[in-house]
Amino acid sequence: QLKKTDAVPLLMSWLLGQESIVCSDPTTVAAKLRKMVVGGAGKTVVISDFDYTLSRFANESGERLSTTHGVFDDNVMRLKPELGQKFVDLKNKYYPIEFCPKLTMEEKIPHMEKWWGTSHSLIVNEKFSKHTIQDFVRQSRIVFKDGAEDFIQSLDAHNIPLVIFSAGIGNIIEYFLEQKLGAIPRNTHFISNMILFDEDEKACAFSEPLIHTFCKNSSVIQKEAPFFHEINGRVNVILLGDSMGDIHMDVGVERDGPTLKVGYYNGSLDDTAALQHYEEVYDIVLIHDPTLNVAQKIVDVIN
Ligand code: TMP
């Protein structure tokens with residue numbers, strides 16, 4: 001009789017056979033997968049980044065697509081070029097700092113706080129309405145990775161919680177999911193920056209604490225969040241991310257099970273040092289992968 005764990009060597013040989021997948025320690029990955037398969041769906045939680053992880057990095061022509069904050073750059077540029085330019089200037093100044101290989105995380109943090117703080121002040125000062133922001137999302141260049149809708153719905157069907165942990169803007173992710181899926185699935189929860197609206201549904205503040213790329217860890221997880229009881233006892237974590245700031249998203253979920261870290265590498269193939277760094281911190285590195293196929297295959301063997 002076939003055991004569920006028999007699927008693990010098959011998945012491993014598939015992973016190891018793919019040119020654009022790097023798995024530098026296959027023994028550890030196989031051991032984590034076996035534990036996850038034995039635990040099954042009931043012991044699993046998926047913690048995922050959103051921008052360039054569930055959403056695509058570039059379109060077929062190689063043009064960069066939008067992040068959740070980028071929704072403002074594009075739409076405001078169209079309606080109020082002067083303000084739009086301010087968002088773009090901020091990105092041009094701070095994005096290279098976020099990914100600068102020469103700066104330490106400690107050196108980057110004050111710049112990230114400044115970037116997020118300034119960007120959020122621009123949004124609040126302009127008092128954008130909820131309706132306008134929903135329209136911005138409808139017209140945005142945020143695109144789901146191939147298979148992302150099915151992935152989210154299959155997690156819901158198997159009662160596997162999905163925690164979207166994003167330093168982007170949570171409301172924008174919510175509106176995007178509502179527009180693409182019809183509604184936010186019951187299993188899906190958010191840890192993110194939320195725009196707060198006044199009684200006229202105009203942006204008036206952002207939630208605290210501020211979440212930027214380098215504080216995606218237990219320091220910003222509100223343990224009293226209503227969904228926390230749902231992930232209690234979920235000892236096995238599948239973590240999906242695309243940056244160095246994503247690798248500690250599981251810290252704060254108290255447990256002793258494994259975390260399988262799957263990282264999307266969107267950088268240049270010539271940057272061998274960066275790629276090597278990803279291979280050190282992520283169990284499985286997916287190079288320029290516009291799909292959710294690997295995450296789906298992992299969930300399929302667990303179910
Ligand atoms: P995350 O993918 O780790 O959740 O981070 C969100 C990304 O959003 C990060 O790469 C920086 C980017 N960002 C913008 O594009 N524009 C902005 O105004 C801000 C504050 C962040």
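Report follows, based on the coordinates. Counting starts from 1 at the beginning of each chain's written sequence and moves along it residue by residue. Since the coordinates come from a predicted model, pLDDT governs what is reported: local features require at least 70, and pairs of side-chain atoms require 80 or more to be given and counted, while whole-chain, interface and lining totals use all residues. As a rule here, side-chain values come from all non-hydrogen atoms in the structure, and water together with hydrogens is ignored.

The next point concerns the packing of helix α7 (residues 148–157) against helix α11 (residues 293–302). Note on geometry: axes are lines fitted to C-alpha atoms, helical ones only across the stretch in contact, with angles between N-to-C directions running from 0 to 180 degrees. Here a helix means four or more residues in a row that DSSP labels H or I, a strand means two or more in a row labelled E, and each is numbered from the N terminus. Contact pair α7 / α11: the axes reach a minimum separation of 10 Å and the direction vectors enclose 20°. Classified by the interaxial angle, the pair formed by α7 and α11 is roughly parallel. Taken as a pair, α7 and α11 cross one another with a handedness that is left-handed. Where α7 approaches α11, its residues D150, F151, S154 and L155 are matched on the opposing element by A295, Q296 and V299. Residues of the contact of α7 with α11, tallied by class, amount to four nonpolar, two polar and one charged. An angle below 35 degrees is read as roughly parallel, one above 145 as roughly antiparallel, one from 65 to 115 as roughly perpendicular, and any other as oblique. In this scheme, a crossing is called left-handed if the near helix is turned counterclockwise away from the far one by less than a right angle; it is called right-handed if the turn is clockwise. Contacts are residue-level and defined by heavy atoms, with any inter-residue pair within 4.5 Å sufficient. Here the term charged refers only to Asp, Glu, Lys and Arg, the term nonpolar to Ala, Val, Leu, Ile, Met, Phe, Trp, Tyr, Cys and Pro, and the term polar to all other amino acids, Gly among them.

Moving on, we come to the site of the ligand. Distances are taken per atom, and a residue is near a molecule or strand as soon as one of its heavy atoms is within 4 Å of it. Surveying the vicinity of the ligand reveals 14 residues, the closest of which are D49, E98, S119, A167 and K216. Two N or O atoms form a polar contact when they lie within 3.5 Å of each other; inside protein one atom must be a possible hydrogen donor and the other a possible acceptor, and for residues adjacent in sequence the pair counts only when both atoms belong to side chains. Contact distances for the ligand include 2.9 Å between an oxygen atom and a side-chain N or O atom of S119. In this structure, K216 approaches the ligand through a side-chain N or O atom, which is 3.1 Å from an oxygen atom. Accessible areas in this description were obtained via Shrake-Rupley with a 1.4 Å probe; residue shielding takes into account the shown protein chains only. Considered on its own, the ligand offers 490 Å² of accessible surface; in the complex 96% of this is hidden by protein. By residue class, the composition of the shell around the ligand is three nonpolar, five polar and six charged.

Along the chain, the position of Y52 falls in the loop between β2 (44–48) and α3 (70–79). The cut-offs for exposure are 20% and 50% of the maximum accessible area for each residue type, with area from a 1.4 Å probe on protein chains only; residues under the lower value are buried, those over the upper are exposed, and the others partly exposed. For Y52, a relative accessible area of 5% gives the class buried. Separated by 15 residues in the primary sequence, Y52 and T67 have C-alpha atoms spaced 7.2 Å apart. Y52 has contacts with F57, R64, L65, S66, T67, Y95, K145, D242, Y264 and N266, leaving out every residue within four places of it along the chain. Here the side chain of Y52 touches L65 through a polar contact of 2.6 Å, landing on its backbone oxygen.

Pairing between strands is defined by DSSP: at least two bridges between them are needed. Pairing is mixed across the open sheet formed by seven strands, whose spatial order is β1-β9-β8-β7-β2-β3-β4. Looking along the sheet, the strands with just one partner apiece sit at the ends: β1 (21–22) and β4 (188–193). Relative to strand β9 (residues 284–287), β1 runs antiparallel, the two being bridged by two bridges. Considered in β9, the bridge of V22 is made with V285.

Further remarks concern the packing of aromatic side chains. Centres within 6.5 Å are what make two rings of Phe, Tyr or Trp a pair, Trp counting through its six-membered ring; a difference in plane orientation under 30 degrees is then read as stacked, over 60 as edge-to-face, and the rest as tilted. Following the criterion strictly, the structure yields 13 aromatic pairs and no others. Ring geometry for F144 versus F176: centroids 4.8 Å apart, planes at 65°, classification edge-to-face. Taken together, the residues F144 in the loop between α6 (130–138) and α7 and F176 in helix α8 (residues 170–181) connect sequence positions 32 residues apart. Residue classification places F176 among the buried positions, given a relative accessible area of 2%. Site record: aromatic cluster; members linked through ring pairs are F72, F87, F128 and F136. Placement of a positive charge over a ring is assigned whenever Lys NZ or Arg CZ falls within 6 Å of the ring centre and within 35 degrees of the normal to the ring plane. Seen from the ring of W14, K297 lies directly overhead, with NZ or CZ sitting 4.4 Å from the centre.

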